[in-house]
Amino acid sequence: MKNIKLFWKYLDENILVVYIFTFILATIAFLTNLGMLPLFADEPTRALVAMEMMFTDNYWVPTIQGEHYYNKPPFYNWIVAGVFHLTGSMSEFVFRLPSVIPLLLFGLTIYFWTKKHLSRSAAFLSAGLFVTCGRILTYASLLGHIDIFYSWLVFISFIVFVESLQSKNWWKFFVLTYALAIITFLCKGLPTVVFQGLTMIVLLIYSKNFKKFFSVQHLVGILIFSLFVSGYFYMYAQHNSLEGWASIMWEQSAQRTIID
């Protein structure tokens, strides 16, 4: 017990040293040999879609080997293509940066939010334990998958939900979360609608504010979300028929769920 107290005291008194040491260690752990593994699992799909966007100069219609790709909307592919453009490289290392960088930002988000409610040392440990958990450290951080980026945005959305509910800031509760939902929908599609809807309904019922579900703020949030999402599909329709999107998106979203 005494050693634990000394450990917590050291963290609180030397937090800057801990930050610097952690930054160096994280750089070594997450970036060293990041480009050594060949592309694996879903990585080739993400890479090929982004590359074909660049080669065809068409960022609205995802394709893979010339065939229309309906499994995922293209936002993450836009990020990958942007990194390819910025670096001038399509290497495995560069391709995986859009996964590793959001992971580190995810850890920072956990730290800064937790610090508002607990001590700095507890917040640091919370973030550190998440970033270094087994699956992330030995698998997810090594691959250029969409999941870390998507999960980070959903986590931010949950934070906005909780904090705006506590402050009764209904514009933030609805409009800002729907703005985040635009990005997450354009990453993975229908799961975003489930996360947004269920989280909103549960929190409003729990806080006895369900009447706000029918508020002007909620209507504005829905309109903003609908405007941007329908805007993307409108641009898509200028190049290709929308047939196939609904069925494929539902099939992809239902996988590994009770619906499947």
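Check the entry above for the structure.
Owing to the predicted nature of the structure, the values given are computational and were not obtained by experimental measurement.

A. Up close: the overall build of the protein chain. Each helix and strand counted, the protein chain has twelve helices and two strands in total. The secondary structure elements of the protein chain, listed N-terminal to C-terminal, are α-α-α-β-β-α-α-α-α-α-α-α-α-α. Evaluated residue by residue, the protein chain yields a buried proportion of 41% over its 260 residues. As presented, the protein chain carries roughly 14600 Å² of accessible surface, and 70% of it is formed by carbon and sulfur atoms.

B. Fine view of the packing of aromatic side chains. Tallying each qualifying case throughout the model produces 24 aromatic pairs. With a centroid separation of 5.8 Å and 85 degrees between ring planes, the pair formed by Phe 210 and Phe 214 is classed as edge-to-face. By relative accessible area, Phe 210 is classed as partly exposed at 34%. Measuring from centroid to centroid gives 6.2 Å for Tyr 232 and Tyr 236, while their planes differ by 55 degrees, and the two rings are tilted. With a gap of four residues between them, Tyr 232 and Tyr 236 both fall in helix 11 (residues 216-237), about one helical turn apart. Assigned by exposure class, Tyr 232 and Tyr 236 land together as buried. Three or more aromatic residues joined by ring pairs make a cluster, and in this case those are Trp 60, Phe 75, Tyr 76, Trp 78, Phe 149, Trp 152, Tyr 232, Phe 233 and Tyr 236. In this structure, Lys 188 is placed above the aromatic ring of Tyr 150, and the distance from its NZ or CZ to the ring centre is 5.5 Å.

C. Quick look at empty space enclosed by the protein. Within this structure, the stated rule accounts for one cavity of 30 Å³ or more. Considering only enclosed or pocket space, the largest cavity measures out at about 80 Å³ in volume. Among the elements of the structure, helix 8 (147-167), helix 9 (170-188) and helix 10 (191-206) are those that each provide at least two residues to the lining of the largest cavity. Of the residues forming the lining of the largest cavity, the biggest block, six residues, is contributed by helix 8.

D. Structural detail: helix 8. Between the first and last C-alpha of helix 8 there are 30 Å, a value that for 21 residues agrees with the 30 Å anticipated at 1.5 Å per step. Looking one or two residues beyond helix 8, the residue adopting positive phi is Lys 168, at roughly 60 degrees.

E. Focus on the nonpolar core. Ranked by size, the top nonpolar core spans 46 residues in total, and within it Phe 84, Phe 149, Phe 173, Met 200 and Phe 225 carry the most contacts. Those elements that place two or more of their residues in this core are helix 3 (43-56), helix 4 (75-87), helix 5 (92-115), helix 6 (120-131), helix 8, helix 9, helix 10 and helix 11. In terms of residue count, helix 9 provides more of this core than any other element does, nine residues in total. Look past the residues within four positions of Met 200 in its chain and what remains in contact with it is Phe 161, Phe 173, Phe 174, Tyr 178, Phe 213 and His 218. One finds Ala 26, Leu 97, Leu 103 and Val 131 within the second-largest nonpolar core, a separate group that totals ten residues.

F. Expanded view of the pattern of salt bridges. For the structure shown, the criterion picks out three salt bridges. In this structure, the salt-bridge partner of Arg 96 is Glu 43, at a minimum N-O distance of 2.7 Å. In this pair, Arg 96 sits in helix 5 while Glu 43 sits in helix 3, placing the two residues 53 residues apart along the sequence. Residue classification places Arg 96 among the buried positions, given a relative accessible area of 0%. Judged by relative accessible area, Glu 43 falls into the buried class, the value being 0%.

So, how was this worked out
Residues numbered from 1 in each chain as written. Predicted model: local features only at pLDDT ≥ 70, side-chain atom pairs only at ≥ 80, totals over all residues. Heavy atoms only, no water. Helix = DSSP H or I, 4+ residues; strand = E, 2+ residues; numbered from the N terminus. Buried < 20%, exposed > 50% of the residue type's maximum accessible area, 1.4 Å probe, protein only. Areas by Shrake-Rupley, 256 points an atom, 1.4 Å probe, with all protein chains shown as cover. Phe/Tyr/Trp six-rings, centres within 6.5 Å; stacked < 30°, edge-to-face > 60°. Lys NZ or Arg CZ within 6 Å of the ring centre and 35° of its normal. 1 Å grid on protein atoms, 1.4 Å probe; cavity = no way out; pocket = protein on both sides within 12 Å on 5 of 7 lines; lining within 4 Å. Points joined across faces, edges and corners; volume = space filled by probe spheres on them. Expected span 1.5 Å × (residues − 1). Core = buried A, V, L, I, M, F, W, Y, C linked by side-chain atoms within 4.5 Å. Contact = heavy atoms within 4.5 Å. Salt bridge = Lys/Arg side-chain N within 4 Å of Asp/Glu carboxyl O.

On their own, these measurements won't tell you what the molecule is for.
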